[in-house]
Amino acid sequence: RDGHPQGQMGELLLFNFIQAFFQAVPLLRKQRITTSTGHERFGADAIHYKNEENKHVFILGESKCYKSDYKFNQAFKVSIESIGDTFKKLDSELNLYLYDDFIEDELRDIAVKYKDGTLNDVKFELVCLVIYNETKKISGEDEDEIKSEILEMIHERCKSIDDSVFNSLDHKLIPRLNYIIFPVWELDDLLSKFMKMVGS
């Protein structure tokens, strides 16, 4: 969407991170929905699937990307609320697309069995991608020093998170939470370049 590149960039990164880190394929491709004028947008930013040790694993993903000022805590809090809401609404959202071409043909049977309640050994993983504008400067002179500094910055940001941000989430889901923390320097500039590339 014009003027909102952070949403598209966040979803693109999330889509690829889930495939790379969780070795899971997309069950429902959101791009097909967002380009269709006859369908509402799917609630989750990503929904992927894999079979792991004979378990059917569904991975729901949400991406939060904030422009301009450093807003890590806000992004973290909103991502918790969003992923909990996504989990609650998964069944009703899938109803919109189950028999359309938005579900991959190879995975349609899995989706139908899940909806029918006939899919055994189902497990969920929840993934939140938090992209934020980092304001601390990097002074490292080589790759190892730079990586170490970035890791320390992320640790410091996470220490500032209050436990109350988890109050909106069913505590049974907390062990299923996975976070990808993605600091970016000069995020506005990156988003501007991304928007020009997407529009070209």
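Our structure's up above, just so we're on the same page.
As the structure is a prediction and not an experimental result, all values here were calculated from the model.

## Quick look at the overall build of the protein
Secondary structure summary: the protein contains seven helices and five strands in total. Moving toward the C terminus, one meets the helices and strands of the protein in the order α-β-α-β-β-α-α-α-β-α-β-α. Within the protein, buried positions represent 42% of all 200 residues. Taking the intrachain contacts of the protein between residues at least 6 apart in sequence as the baseline, contacts between residues at least 24 apart amount to 71%. Surface summary for the protein: the accessible area is close to 11400 Å², and the carbon and sulfur share equals 49%.

## Description of the side chain of serine 63
Position of serine 63 relative to the elements: it lies in strand β3 (residues 55–65). From its side chain, serine 63 meets the backbone oxygen of glycine 10 in a polar contact 3.3 Å long. Here serine 63 is in contact with Gly10, Glu11, Leu14, Asp45, Leu129 and Ile131, once residues within four sequence places are set aside.

## Details of the pattern of salt bridges
Tallying each qualifying case throughout the model produces ten salt bridges. One salt bridge in this structure joins glutamate 52 and lysine 50, with 3.1 Å as the shortest N-O distance.

## Points about the sheet that holds strand β1 (residues 25–28)
Taken in spatial order, the five strands line up as β1-β2-β3-β4-β5 in an open sheet, and their pairing is mixed. Lying at the two open borders of the sheet, with one neighbouring strand each, are β1 and β5 (177–184). Direction aside, neighbouring strands of the sheet carry axes that sit 30° apart on average. Along the sheet face, helix α5 (residues 108–116) touches β1, β2 (46–52), β3 and β4 (122–133) and points at about 95° away from the line of β3.

What counts, and at which threshold
Residues numbered from 1 in each chain as written. Predicted model: local features only at pLDDT ≥ 70, side-chain atom pairs only at ≥ 80, totals over all residues. Heavy atoms only, no water. Helix = DSSP H or I, 4+ residues; strand = E, 2+ residues; numbered from the N terminus. Buried < 20%, exposed > 50% of the residue type's maximum accessible area, 1.4 Å probe, protein only. Contact = heavy atoms within 4.5 Å. Areas by Shrake-Rupley, 256 points an atom, 1.4 Å probe, with all protein chains shown as cover. Polar contact = N/O pair within 3.5 Å; in protein donor to acceptor, adjacent residues only side chain to side chain. Salt bridge = Lys/Arg side-chain N within 4 Å of Asp/Glu carboxyl O. Pairing = 2+ DSSP bridges. Axes fitted to C-alpha atoms, helices over the stretch in contact; angles between N-to-C directions.

It is worth stressing that arrangement in space is one thing and function is another; only the former is reported here.
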